[in-house]
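# Chains, contacts and geometry: an overview
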Amino acid sequence: KERTVVTPVKDNNHQLVLKGCRQNNLKNVNVTIPKEKLTVITGVSGSGKSSLAFDTIYAEGKRRYLDNMSNAAKMQEQIEKPDFDTIQGLTPTIAIEQKKGSQNPRSTVGTLTGILDHLRMLYVAIGIPHCPYCGVPVQKDSKSKNRCPVCGSLFQGLTASTFNANAHVGACHTCNGLGILYEVNPDTIVVNGDLSVLDGATSYFGKLRGKKPTGNWMLGELYAIAADMNVDLDLPWNDLPNEFRQAVFYGTGDKIYSFKYNSGGRDTEINRPAAGAVSHIQRLFRESKSNDNPQKEYMREIPCPTCHGELLCYEARYTTIMGYRLPELTKMPIDKLWNWVCNLQELLSDNQKSKAEEVLLEIQNRIVNLLQVGLPYLTLSRTAPTLSGGELQRVRLSSQLGSELIGLTYILDEPSIGLHPRDHHLMIDTIKHLRDKGNTVIVVEHDKDTMLNADYIVDVGPGAGTFGGEIVAAGTVNEIMKNTLSATGRFLSNSKICEPENTINPHKWMTLNGCTGNNLKNINVRFPLHTMCCITGVSGSGKSSLIFGTLIPALNKVINHQRCIDSSYLSFEGYEDIDGFVQMDQSPVGKSSRSTPATYIGVFDTIRSVFAKQPRAYELGLSESHFSFNSKDGGCPVCEGQGQIKVAFQYMADTYVTCPECKGSRYQEGVLEVLYKGKSIADVLHMDVSEAILLFEDVKEIVQKLSLMDEVGLPYLKLGQSTATLSGGEAQRLKLAKELSGKQKRHMVYILDEPTTGLHFQDIEKLLLIFRKLVDAGHSLYIIEHNTEIIGASDWIIDIGPEGGNAGGQVVAEGSPEKIKRNPASVTGKYL
Ligand code: ADP
Ligand code: ADP
Ligand code: ZN
Ligand code: ZN
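Residues numbered from 1 in each chain as written. Chains lettered and ligands numbered in written order. Predicted model: local features only at pLDDT ≥ 70, side-chain atom pairs only at ≥ 80, totals over all residues.

Per an unreviewed UniProt entry, the protein is named UvrABC system protein A, and its organism is Lacrimispora celerecrescens. In its Sequence similarities (unreviewed entry) section, the UniProt entry covering the protein states "Belongs to the ABC transporter superfamily. UvrA family." Quoted verbatim from the Subcellular location (unreviewed entry) field of UniProt, the annotation for the protein is "Cytoplasm". (UniProt positions renumbered as here; feature names shortened; annotations may be inferred.)

Put into structure tokens, the structure is as follows:
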């Protein structure tokens, strides 16, 4: 392969020069990064790559941008400057991260890429509106109004808002652009039909025995209907006449009842038809402004009967181009949409061309960008929360490709995540394209191909946390490969990591039959037990649909006896000797921002009890609870134990500043007087795992739990770091450590999603050892993975494909890595 090798010029204008960087674990380092080039920052997990790329370069870029906004000076004082001496040559900085955070459920691939905006303009320019009743194109009448020539129905004029479900005029009139309606589900009203209404058969009326029969107005109605129909409310609900039960739910039509109820403390009498519980609940639900109103438990979601989930008003739904309606285009996979747009371009008349050519070009450019980043199988209507972290990052990346801005500094976080080796070159080409437009591109990455394609490599290390934070090597690929000090260099020049030898031939299986979720083609899949099994395939082939969409619900059903409403498989066999399963995905750990690695794996309780046992704690009368920053006893009252206070800025995400009361320690002063080996509890929370192991070397229980965090590749995590700040990969490895520290059942199933995310090849060796330990202990592992080292070291591979989206969803190959290597049908095999 040919590589362009670029040596950075010694001119400050062409370089980003960082001096004296000390953020987090960085050891006062100097770094020079060539501008308008592709630089990879690499190193073991926790070595300080993000501290350099995101916490220093990006953070400073953001701060300087703020500097240019009016009124921003004061805010800027409040935002801490990253810890460095000087940075020269920094241009405006854009970070494209993996972290999903909370995604707006209304944002879609179409809105994120801007393609939807342009399609709307296209429909305004050349769309042909049709009458929803007669199906014929509407025409301008003598008053220049859009009118159906057959039935005379009026059509509103088309503007971009007409095609926007988030705009008032564009939203479906029935569902307001939500695509669903809430209706009362009468099944939820009766909770136990074996009871009588008086004894609480319905949650709606509750228990009535012993209560005044005129409590509220609905109750008066209930008694009046019962009296009229001569029904004994003492009988079980299920034994009451159907006619009565229907009347309680749906009312009695026009028949007028006279009943009593209590209003404002006074008994009142009213004459009116009985409305029934359903309409009453419906009305309360409609009138309620609050999001968690008590009626919600009686409601179910139904697809909007008007727009059938297309969200748009009828004008938008009945306007076509080449016979296609906008909602049809947004449901097309991107590669099909590309064909459609190209066809359209051929067929346009000169008049249409003049109206639409520019918009069409914009649409084409943006589609090409999506294809470039390997997402041909996505549709514009896919919502952001349903995309994986990698997919979301690539969608964002693609939208940057369309940007006209140049001279920016882009910082990307492991863009290879979620990509099959086959698709890496597409991503790399994309990044190079961004560079060639005149931007500086900095990529935090472990992937070998990306490094081989980089102009410059910065190797951070040598270890993690306090054992890292130095620049081990920096230079071109060739220079790094020749550097004997750089572990990355050795990896680049000879590659293979050592694989465990003791692989296993599977002999027991569990089987899922008739899987049809998302793109799965009614397939039967067998999963080996007591082995390490990898699920492979190109992005969008159906790996998640099989594992997260099918296997996990199936296990939930048989092991946790969870009700499964509409399952996407026919049958499930061979699970009988499984005692439990754990899904270790990349979702955040800990519910609150107060969760830390120490609290999460349960080591903090022991640490607190160590502090409570110190003599000074006795003198001050402090107990274990005082050493919890989450307690009123010990936590700082100003920041409530957070150590930070949130400040909201316009135009910017919320930013945190150090609490002025406790100076970030999280604790009240007295608590900090208690020391263990010279360290306060706040000092301990600022330590990383490897430091804490040394401090508590005499306390076996603490060392045991912390060592597991070390083993899973997290020796650099600070005990008190909020778990909300962890990357997806880190969160997953923390879950693994917690799982290993708990009492394990006999046969556990572990399900992992790209566990190598964020891991350098040295970390991967460690992780493989843990996987082997788990298999040796009799457990079963299922790992969705693209990393060829992990796949090659597994016992069994289930290769899904052959392609993404509708062209996937089949089992292409299964077997040991050796067998897959020799299987010509398997794309994965070629890369092993
Ligand atoms: P990498 O990106 O190489 O995996 P990081 O730069 O994230 O490593 O972390 C390097 C060190 O800095 C680790 O010891 C980590 O715990 C610490 N660190 C990272 N972020 C923070 C933070 N926000 N506050 C304190 N320490 C941090
Ligand atoms: P993989 O995990 O192999 O990348 P997925 O199982 O995520 O693949 O996707 C398989 C197919 O199912 C793709 O066409 C994808 O767009 C589609 N898909 C995945 N999740 C959803 C969802 N929540 N809604 C609709 N389609 C989905
Ligand atoms: Zn609707
Ligand atoms: Zn405080």
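So much for the structure itself; the text now carries on.
What follows is about the overall build of the protein. Summing up its helical and strand segments, the protein has 28 helices and 30 strands in all. Rg of the C-alpha trace for the protein: 32 Å, near the compact-globule value of 28 Å for 832 residues, within the 12% margin. If one aligns the C-alpha atoms of the protein with their principal axes, the spans along those axes are about 95 × 85 × 70 Å. In the protein, which comprises 832 residues, the share counted as buried stands at 44%. Pairs at least 24 apart in sequence give 68% of the contacts found in the protein among residues at least 6 apart. (Helix = DSSP H or I, 4+ residues; strand = E, 2+ residues; numbered from the N terminus. Rg over C-alpha atoms; globule rule 2.2 N^0.38 Å. Buried ≥ 20, exposed ≤ 12 C-beta atoms within 10 Å, placed from the backbone. Contact = placed C-beta atoms within 7 Å.)

What follows is about helix 25 (residues 728-741). Across its 14 residues, helix 25 extends 20 Å between first and last C-alpha, which sits within 8% of the 20 Å expected from 1.5 Å per residue. In terms of burial, helix 25 is a largely internal element, 11 of the 14 residues being buried. Among all positions of helix 25, only Gly728, Gly729, Glu730, Ala731, Gln732, Arg733, Leu734, Lys735, Leu736, Ala737 and Lys738 are buried. Considering only its buried residues, helix 25 is in contact with helix 12 (389-401), strand 24 (580-584), helix 18 (597-600), helix 24 (700-711) and strand 27 (748-753). (Expected span 1.5 Å × (residues − 1).)

A few words now on the site of ligand 1. Near ligand 1 lie 17 residues; those nearest to it are Asn24, Ser50, Ser51, Gly465 and Tyr716. Per-class residue counts for the shell around ligand 1 are 2 nonpolar, 12 polar and 3 charged. Both domain 1 (12-92 + 405-494) and domain 4 (597-722) contribute no fewer than three residues apiece to the shell around ligand 1. (Near = placed C-beta within 6 Å. Nonpolar A, V, L, I, M, F, W, Y, C, P; charged D, E, K, R; others polar. Domains from an automatic or database assignment.)

This part takes up the packing of helix 10 (residues 334-347) against helix 11 (residues 350-372). Where helix 10 contacts helix 11, the two axes come as close as 10 Å, and the packing angle between them is 150 degrees. Classed by the angle they form, the pair helix 10 and helix 11 counts as roughly antiparallel. Handedness of the crossing formed by helix 10 with helix 11: left-handed. In this structure, helix 10 contributes Ile334, Asp335, Leu337, Trp338, Val341 and Gln345 to the contact, and helix 11 contributes Leu360, Ile363, Gln364, Ile367, Leu370 and Leu371. Among the residues forming the contact of helix 10 with helix 11, the class breakdown is 9 nonpolar, 2 polar and 1 charged. (Axes fitted to C-alpha atoms, helices over the stretch in contact; angles between N-to-C directions. Parallel < 35°, antiparallel > 145°, perpendicular 65-115°, else oblique. Left-handed = near helix turned anticlockwise from the far one by under 90°.)

Another point: the site of ligand 2. Looking at ligand 2, there are 14 residues lining it, with Asn518, Lys543, Ser544, Ser545 and Gly805 nearest. Of the residues belonging to the shell around ligand 2, the class tally is 2 nonpolar, 11 polar and 1 charged.

Cis peptide bonds are those with omega within 30 degrees of zero, and the linkage from Gly461 to Pro462 qualifies with 0 degrees. Position of Pro462 relative to the elements: it lies in the loop between strand 18 (456-461) and strand 19 (470-475). In this model, Gly801 is joined to Pro802 through a cis peptide bond whose omega is 5 degrees. Mapping Pro802 onto the fold places it in the loop between strand 29 (796-801) and strand 30 (810-815). We note that Glu36 has phi near 55 degrees; this positive angle belongs to a residue other than glycine. In this structure, Glu36 sits in the loop between strand 2 (29-34) and strand 3 (38-42). With 18 C-beta atoms counted inside 10 Å, the residue Glu36 sits in the partly exposed group.

Read across the sheet, 3 strands follow the order 2-1-4 without closing on themselves; strand pairing throughout is antiparallel. Either end of the sheet is taken by a strand with one partner, and the two such strands are strand 2 and strand 4 (86-88). The mean inter-strand angle of the sheet, taken between neighbouring strand axes irrespective of direction, is 5 degrees. Here strand 1 (residues 15-21) runs beside strand 2; their pairing, made up of 5 bridges, is antiparallel. (Pairing = 2+ DSSP bridges.)

For the rest of this paragraph, the subject is the environment of His433. You can see His433 is positioned in helix 13 (residues 424-436). Owing to 14 C-beta atoms within 10 Å, His433 belongs among the partly exposed residues under this scheme. Separated by 226 residues in sequence, His433 and Lys207 place their C-alpha atoms 69 Å apart.

A word on the sheet that holds strand 6 (residues 128-129). One open sheet holds the 3 strands; their spatial order is 6-14-15, and the pairing between them is antiparallel. Two strands lie at the open edges of the sheet, namely strand 6 and strand 15 (324-325), each paired on one side alone. Relative to strand 15, strand 14 (residues 319-321) runs antiparallel, the two being bridged by 2 bridges. Across the sheet, the residue bridging to Thr320 is Arg325, located in strand 15.

Let us look at the packing of helix 4 (residues 115-126) against helix 11. Relative orientation of the contacting elements helix 4 and helix 11 amounts to 165 degrees, with a least axis distance of 9 Å. Classified by the angle between their axes, helix 4 and helix 11 sit roughly antiparallel to one another. Considering how the two elements wind past one another, helix 4 and helix 11 form a crossing that is left-handed. For the pair helix 4 and helix 11, the contacting residues are Ile115, His118, Leu119, Met121, Leu122, Ala125 and Ile126 in the first and Gln352, Lys355, Ala356, Val359, Leu360, Glu362, Ile363, Arg366 and Ile367 in the second. Looking at side-chain class alone, the contact of helix 4 with helix 11 contains 11 nonpolar, 2 polar and 3 charged residues.

Next up on the list: the domain arrangement of the protein. Domain boundaries in the protein define domain 1 (12-92 + 405-494), domain 2 (183-303), domain 3 (509-587 + 762-831) and domain 4 (597-722). Domain 3 and domain 4 are separated by 39 Å when their C-alpha centres are compared.

What follows is about the environment of Lys521. Within the secondary structure, Lys521 is located in the loop between strand 20 (509-515) and strand 21 (523-528). According to the C-beta neighbour criterion, Lys521 is exposed, with 12 such atoms within 10 Å. Sequence-wise, Lys521 and Gly808 are 287 residues apart; in three dimensions their C-alpha atoms are separated by 8.1 Å. Filtering out sequence-adjacent residues up to four positions away, Lys521 remains in contact with Gly809 and Gln810.

The end-to-end C-alpha distance of helix 26 (residues 761-776), which contains 16 residues, comes to 23 Å, matching closely the 22 Å that a straight helix rising 1.5 Å per residue would cover. When helix 26 is considered as a whole, its buried residues turn out to be Phe761, Gln762, Asp763, Ile764, Leu767, Leu768, Phe771, Arg772 and Val775. Contacts made by the buried residues of helix 26 are with helix 16 (487-494), strand 22 (532-536), strand 28 (780-784) and helix 27 (788-792). Backbone geometry just downstream of helix 26 places Gly778 in the positive-phi region, at approximately 95 degrees.

This brings us to the pairing of strand 16 (residues 409-413). In terms of burial, strand 16 is largely enclosed, as 5 of its 5 residues are buried. Because side chains alternate across strand 16, one face comprises the buried residues Thr409, Ile411 and Asp413, and the other comprises Tyr410 and Leu412, equally buried. In this sheet, strand 16 lies alongside strand 5 (residues 93-96) in parallel orientation, the contact comprising 4 bridges. Residue pairing in the sheet places Ile94 in a bridge with Tyr410 of strand 16. Of the strand pairs in this sheet, strand 16 and strand 17 (residues 440-444) are connected by 5 bridges, and their pairing is parallel. Paired with Ile411 across the strands is Ile442, a residue of strand 17. A crossover connection joins strand 16 to the parallel strand 17 through helix 13; in handedness this β-α-β unit is right-handed. (Right-handed = clockwise from strand over helix to strand, strands pointing away.)

We now examine the pairing of strand 20. In the sheet, strand 20 pairs with strand 21 via 5 bridges, with the strands oriented antiparallel. For Cys515, the partnering residue across the bridge sits in strand 21 and is Ile523. As defined by bridge partners, strand 20 adjoins strand 23 (residues 571-573) across 3 bridges and the pair is classed as antiparallel. Within strand 23, the position partnered with Thr511 by the bridge is Glu573.

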